[in-house]
Amino acid sequence: MSKYTEDDLREELKTKEYEYGFYTDIQSETFPVGLNEDIVKAISKKKEEPEWMTEWRLESFKIWKEMVEPEWANVNYKKPDFQAISYYSAPNSKPKYDSLDEVDPELLATFDKLGISLDEQKKLTGVAMDVVVDSVSVATTFKKTLAEKGIIFMSISEAIKEHPELVKKYIGTVVPQKDNFYAALNSAVFSDGSFCYIPKGVRCPMELSTYFRINQAGTGQFERTLVIADEGSYVSYLEGCTAPMRDENQLHAAVVELIALDDAEIKYSTVQNWYPGNAEGKGGVYNFVTKRGLCEKNAKISWTQVETGSAVTWKYPSCVLKGDNSVGEFYSIAVTNNYQQADTGTKMIHLGNNTKSTIISKGISAGKSQNSYRGLVQVSSRAENARNFSQCDSLLMGNECGAHTFPYIEAKNKTAKIEHEATTSKIGEDQIFYCNQRGIDTEKAIALIVNGFSKEVLNKLPMEFAVEAQKLLEISLEGSVG
Amino acid sequence: MLKINNLHASVEDKAILKGINLEVKPGEVHAIMGPNGSGKSTLASVIAGKEEYEVEEGEILLEGENIDELAAEERAHKGIFLSFQYPVEIPGVSVTNFMKTAINETRKAKGLDDMPANEMLKLIREKSDLLEIDKKFLSRSLNEGFSGGEKKRNEIFQMAMLEPKLAILDETDSGLDIDALRIVANGVNKLKSKDNAVIVITHYQRLLDYIVPDFVHVLHNGKIVKSGPKELAHELEEKGYDWIKEEVGA
Ligand SMILES: Nc1ncnc2c1ncn2[C@@H]1O[C@H](COP(=O)(O)OP(=O)(O)OP(=O)(O)O)[C@@H](O)[C@H]1O
Ligand SMILES: [Mg+2]
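Values in this document were obtained by computation on a predicted structure and should not be read as measured data.

Q: Explanation requested: the packing of helix 3 (residues 51–65) of chain A against helix 9 (residues 181–189) of chain A in the structure shown.
A: Working note: a packed helix pair is described by the angle between its axes plus the distance between those axes. Residue and element names in this part refer to chain A. Put simply, helix 3 and helix 9 touch, their axes get as near as 7 Å, and they point 150° apart. In terms of orientation, helix 3 lies roughly antiparallel with respect to helix 9. Crossing of helix 3 over helix 9 shows left-handed handedness. The segment helix 3 lies against helix 9, with W56, R57, S60, F61, I63 and W64 engaging F181, A184, L185, S187, A188 and V189. Counted by class, the contact of helix 3 with helix 9 contains nine nonpolar, two polar and one charged residues.

Q: What should I look at first to understand helix 7 (residues 178–191) of chain B in this one?
A: Three or four residues apart is the spacing at which side chains of an α-helix point the same way, because the helix has 3.6 residues per turn. Residue and element names in this part refer to chain B. If you check helix 7, its first and last C-alpha atoms are 20 Å apart, about what 14 residues at 1.5 Å a residue would give, namely 20 Å. The inward-facing, buried residues of helix 7 abut helix 4 (117–130), helix 6 (148–162), strand 9 (166–170) and helix 8 (205–210). The distance from a side-chain oxygen at the start of helix 7 to the backbone nitrogen of D179 is 3.0 Å, and the residue carrying that oxygen is D177.

Q: Where do I start with the coordination of the magnesium ion (ligand 2) in this structure?
A: Ideal coordination angles are 109.5 degrees for a metal with four donors arranged tetrahedrally and 90 or 180 degrees for a metal with six donors arranged octahedrally. Residues and elements named next belong to chain B. Within the first shell, the magnesium ion (ligand 2) binds the protein through S41 (OG) and Q85 (OE1), at distances of 2.0 to 2.1 Å. In this pair, S41 sits in helix 1 (residues 40–48) while Q85 sits in the loop between strand 6 (80–83) and strand 7 (90–94), placing the two residues 44 residues apart along the sequence. Taking the relative accessible area as the measure of exposure, S41 reaches 26% and is therefore partly exposed. Judged by its relative accessible area of 17%, Q85 is buried.

Q: What exactly am I supposed to notice about the interface of chain A and chain B here?
A: You'll often see interface size given as the accessible area lost when the parts meet. At the interface, 22 residues of chain A touch 37 residues of chain B. A combined buried area of about 2600 Å² lies between chain A and chain B, and 61% of that area is made up of carbon and sulfur atoms. Taken together, chain A and chain B are joined by two salt bridges. Between K50 of chain B and D430 of chain A there is a salt bridge whose closest N-O contact spans 3.0 Å. Linking chain A to chain B there are twelve residue pairs in polar contact (both at pLDDT 80 or more). For the side of chain A that touches chain B, the secondary structure elements donating two or more residues are helix 10 (429–437) and helix 11 (442–453) of chain A.

Reading the values: rules and limits
- Residues numbered from 1 in each chain as written.
- Chains lettered and ligands numbered in written order.
- Predicted model: local features only at pLDDT ≥ 70, side-chain atom pairs only at ≥ 80, totals over all residues.
- Heavy atoms only, no water.
- Axes fitted to C-alpha atoms, helices over the stretch in contact; angles between N-to-C directions.
- Helix = DSSP H or I, 4+ residues; strand = E, 2+ residues; numbered from the N terminus.
- Parallel < 35°, antiparallel > 145°, perpendicular 65-115°, else oblique.
- Left-handed = near helix turned anticlockwise from the far one by under 90°.
- Contact = heavy atoms within 4.5 Å.
- Nonpolar A, V, L, I, M, F, W, Y, C, P; charged D, E, K, R; others polar.
- Expected span 1.5 Å × (residues − 1).
- Polar contact = N/O pair within 3.5 Å; in protein donor to acceptor, adjacent residues only side chain to side chain.
- Donors = N, O, S within 2.8 Å, 3.2 Å for Na, K, Ca; no water.
- Buried < 20%, exposed > 50% of the residue type's maximum accessible area, 1.4 Å probe, protein only.
- Buried area = accessible area lost by both parts, 1.4 Å probe.
- Salt bridge = Lys/Arg side-chain N within 4 Å of Asp/Glu carboxyl O.

In structure tokens form, the structure reads like this:
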């Protein structure tokens, strides 16, 4: 009987290609590389933006120029040359279509390969889609149904033109331009993204979903998403991504701002599967994301994320619990394999009284990867009776990967109750043998064990996303027997 | 059913099984007894195909086929079942989900489609009734926080679900209270037929009062040093192992 050794494992990992690695050749109009005031102005002009937006971008650019790239995260990578990136690219084919028939067939083929074709997506009950290819959205569906309820769901470029009062009022209020290096950069050059507004008292009848992809060689992508849930409203928002295979590193620096007004609730779910680089750690997407939500009185924001892709991930979806009785939740599964590095976690900022936060983080590391959880629970001196529960579990496969937890707690009010639990475990040979003995092969056994480990988070995802997420977990860990 | 010829096996270069010969025919029950550390669990693991154990010499035949090259899951698909002495925990995976996966993977290996959900539910109900297992129990994480006795009962529940040809029960009786022992043993007896076989590893006569063996073997220092009818178990219970050790001059 042949024994499955570390060498076999290494061989298997090496030959495992990125499942979704392919490149669609859609003709694009791309700006020259480099970044300066003129480029910022040109982006704004290209998008026919009002002057206030141009000014806002220029202000952001000024702030960004003065900032330095942060280095505190537990990741190592070659710093991108920000002057070697093109900051705008739009699909050449005309931006708006009424039906799928008019969409670039190459793009549709791309979706087919991903198994998330528009056709398939349309069949999924209650899912509206706003597809972003590179920078400009090319298809929007279900818009009418939403419009009847007064829900606005469109690209942020459109929103800037059609609902300037809303965008102007809220953009940059949760993630200020000067918040951090990548947020400032995004504010200056953001290409497109989604905008969503749910009116007072409205329950959004469907899961809103957006598929983001990076699709142009050497083009950074700077998504900007703004979700506003007005008083007493509810929305569940899904975001999923996967990227074509690339040799050079691709930069992605998105900003997502959520605003939950009094008594409102926002659920924001992400499945992220960007190209993680090959088995030698070459290539892959750099994913530096700023995601933050603001909760007013009695409001609730839940972040759920399944992160399996990217070469380097730097991402901390956070909640500012400003209103009394507001609730913040963070549920995360982060998988790293080969040479992937992830530094991810959350910040829960308790400002109001009786605010509550829950953090459940599941890190799974395989290969030579490094997986860090970094979390901050902050309770201000005026926040009475704040509650937090944090649980950070790490699962290791093999002996060459690493799992790290950096939980920071800053409680300035004595009534705060903060609980933190952490565990680290390894998938044991005994567990695998037990499964094998019951007729379950090793690949399937690992998937089963990993799914069990991640269950608390998977359970938080909407059904169709949960299925996709489980598939992703399986794909990402194929062959990673320790 | 099972034929083991001159089996030598080692782990980390340490020889543990030193020439085992054993034949189990369909419809038979064999008991294996022997002092701690004599190699009983190792034998069970080697039959089930645990990779850490290196077979140095000899062969294991299942229904005439040499299974030495088969992976553990392939042996399971062929109908070998091991009730573990120490069942492992799999957090977050419910007993039901685990069984569903096990059954469907086995079906897949045989070229069959997944078992329809209603059939699966019926099977689960039937087998959990047989072993007097509470439904709530089945949605708990596999073996996590189970008491010693619950783990063992759960092993036999899995055996009932999978209906193996050859079941090896490694100290299934340890940890079971008197009532549970009766329930579990009855369960095993109900599953017995002229076409399948059971190997019972135990330290105590007690279990053998319920699951009556056709043969009793004594394993000592990696070898079967004595075999006999069921009365041998009584003798061992009375006299211990010393007299056998003396007999073989160890
Ligand atoms: N993985 C291993 N590494 C090193 N030694 C091992 C390993 N597995 C078993 N052994 C050794 O092999 C010998 C036989 O162990 P085994 O578990 O088969 O005994 P047993 O007869 O089942 O004992 P018990 O009655 O206590 O269950 C013991 O000395 C044990 O320490
Ligand atoms: Mg034993």
